[in-house]
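# Notes for the structure review
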Amino acid sequence: MSEASAAAKLILFGEHAVVFGRPAIAIPLPNLRAHARVQPHPAGQPGQIEIVSEDLHTRLWLHEADMDDPLAAIVQLTLDNLAFRPDKALLVSVQSSIPVAAGLGSGASVSVAIARAIAATAGFELPPQDASSLAFEVERIHHGSPSGIDNTVIAYEQPVYFIRDHVLETFELRGVLNLVLADTGERVKTAQAVAGVHARYDANPSEYNKLFDQIGAITAEAHQVLMSGNYDGLGALMSRNQVLLGSIGVSSARLDALSKAAMKAGAQGAKLSGAGLGGYMMAMVEKGNSEVDP
Ligand code: MEV
């Protein structure tokens, strides 16, 4: 039996603009994870693989599955990548406490956990670069033009300063970042949020390029602040990023209300995190001040 897991992620700065080539910053959430286990199947024919996840409402046999299904896709891609043809029937089970379609990277995390568990079954330890590439292939099925930030931060499990198609820059958090997450309860697929931004960009590229440039500049400044280890000013940058996310149309009334509530309660800054239109609001707070009364 092989087991593996992968973390959730949080985008601190630069979501959406990152799809258009601007930098973004993301961190892993190591305590919130997806887990995958591969074990001999008690019933299947040799070589057949069943994938089961109660959390993700999935139960399917790989040989019958549609490759649009993200779990089937990552299993098949990993088998092909490793040229691994199991001679026994296998059961792949997935457990995840990461909320789906909430901006926390559930899809990429599940993919990385499965790819790692299958590789372990084949006797390999999957390097982060390979886990990231495999998860990226699955992300592509779901939204045409992912930047690659989710699979990268999750596979490397380190803070990243990420620019699409550039050499990856990881960094260490030198101080403690106190963040409060609040759930809007709204669930929107990344593909939908990204498609909306694309459509508005296509209608008005010069305006959107200016907005993306401003987000990129905030992200670059935030990177310097994070590298310095003195986080003064980081909250204000988050709130400025949030205003721009509102301007590109990916905030929501609930995200705005939660950000306002956090600021009223003394947060240093607040913004959505991830694709937006719902999901989680993230607020930066002083240590010990995590009470928000919306
Ligand atoms: C999703 O976690 C982040 C987005 O920027 C999309 C992407 O980067 O592919 C919204």
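Figured I'd write up the structure that's included with this text.

Conventions and cut-offs
- Residues numbered from 1 in each chain as written.
- Predicted model: local features only at pLDDT ≥ 70, side-chain atom pairs only at ≥ 80, totals over all residues.
- Heavy atoms only, no water.
- Helix = DSSP H or I, 4+ residues; strand = E, 2+ residues; numbered from the N terminus.
- Buried < 20%, exposed > 50% of the residue type's maximum accessible area, 1.4 Å probe, protein only.
- Contact = heavy atoms within 4.5 Å.
- Near = heavy atom within 4 Å.
- Polar contact = N/O pair within 3.5 Å; in protein donor to acceptor, adjacent residues only side chain to side chain.
- Areas by Shrake-Rupley, 256 points an atom, 1.4 Å probe, with all protein chains shown as cover.
- 1 Å grid on protein atoms, 1.4 Å probe; cavity = no way out; pocket = protein on both sides within 12 Å on 5 of 7 lines; lining within 4 Å.
- Sits in = over half its atoms within 2 Å of the grid points.
- Nonpolar A, V, L, I, M, F, W, Y, C, P; charged D, E, K, R; others polar.
- Phe/Tyr/Trp six-rings, centres within 6.5 Å; stacked < 30°, edge-to-face > 60°.
- Axes fitted to C-alpha atoms, helices over the stretch in contact; angles between N-to-C directions.
- Parallel < 35°, antiparallel > 145°, perpendicular 65-115°, else oblique.
- Left-handed = near helix turned anticlockwise from the far one by under 90°.

## Notes on the environment of Ala 275
Relative to the helices and strands, Ala 275 resides in the loop between β9 (269-272) and β10 (280-284). By relative accessible area, Ala 275 is classed as buried at 10%. As a C-alpha pair, Ala 275 and Glu 50 span 225 residues in sequence and 31 Å in three-dimensional space. When near neighbours in sequence (up to four residues on either side) are disregarded, Ala 275 contacts His 16, Gly 103, Thr 190, Ala 193 and Val 250.

## Brief notes about the site of the ligand
Taken together, 13 residues sit near the ligand, with Lys 9, His 16, His 143, Ser 147 and Asp 150 positioned nearest. Interatomic distance of 2.6 Å between a side-chain N/O atom of Ser 147 and an oxygen atom of the ligand. Burial of the ligand by the protein amounts to 98% of the accessible area it has alone, namely 300 Å². With respect to the detected pockets, the ligand is housed in the largest pocket. Elements represented by at least two residues in the shell around the ligand include exactly β1 (2-13) and α4 (149-156). Looking at the shell around the ligand residue by residue, the classes come out as seven nonpolar, three polar and three charged.

## Here's the deal with the packing of aromatic side chains
Across all of its chains, the model carries four aromatic pairs by this definition. Look at Phe 20 and Phe 212: their rings are 4.5 Å apart centre to centre, the planes differ by 20°, and that puts the pair in the stacked class. With Phe 20 in the loop between β1 and β2 (24-40) and Phe 212 in helix α6 (residues 205-228), this pair connects stretches of sequence that are 192 residues apart. In terms of burial, Phe 20 and Phe 212 fall into one category: buried.

## Remarks on the packing of helix α1 (residues 70-82) against helix α2 (residues 106-121)
Contact geometry for α1 and α2: axes closest at 9 Å, N-to-C directions at 40°. When the axis of α1 is compared with that of α2, the two are oblique. Between α1 and α2 lies a crossing whose hand is right-handed. The residues of α2 that touch α1, namely those facing Leu 71, Ile 74, Val 75, Thr 78, Leu 79 and Leu 82, are Val 110, Ser 111, Ile 114, Ala 115, Ile 118 and Ala 119. The residue makeup of the contact of α1 with α2, split by class, is ten nonpolar, two polar and no charged.

That is the geometry; function is a separate question.
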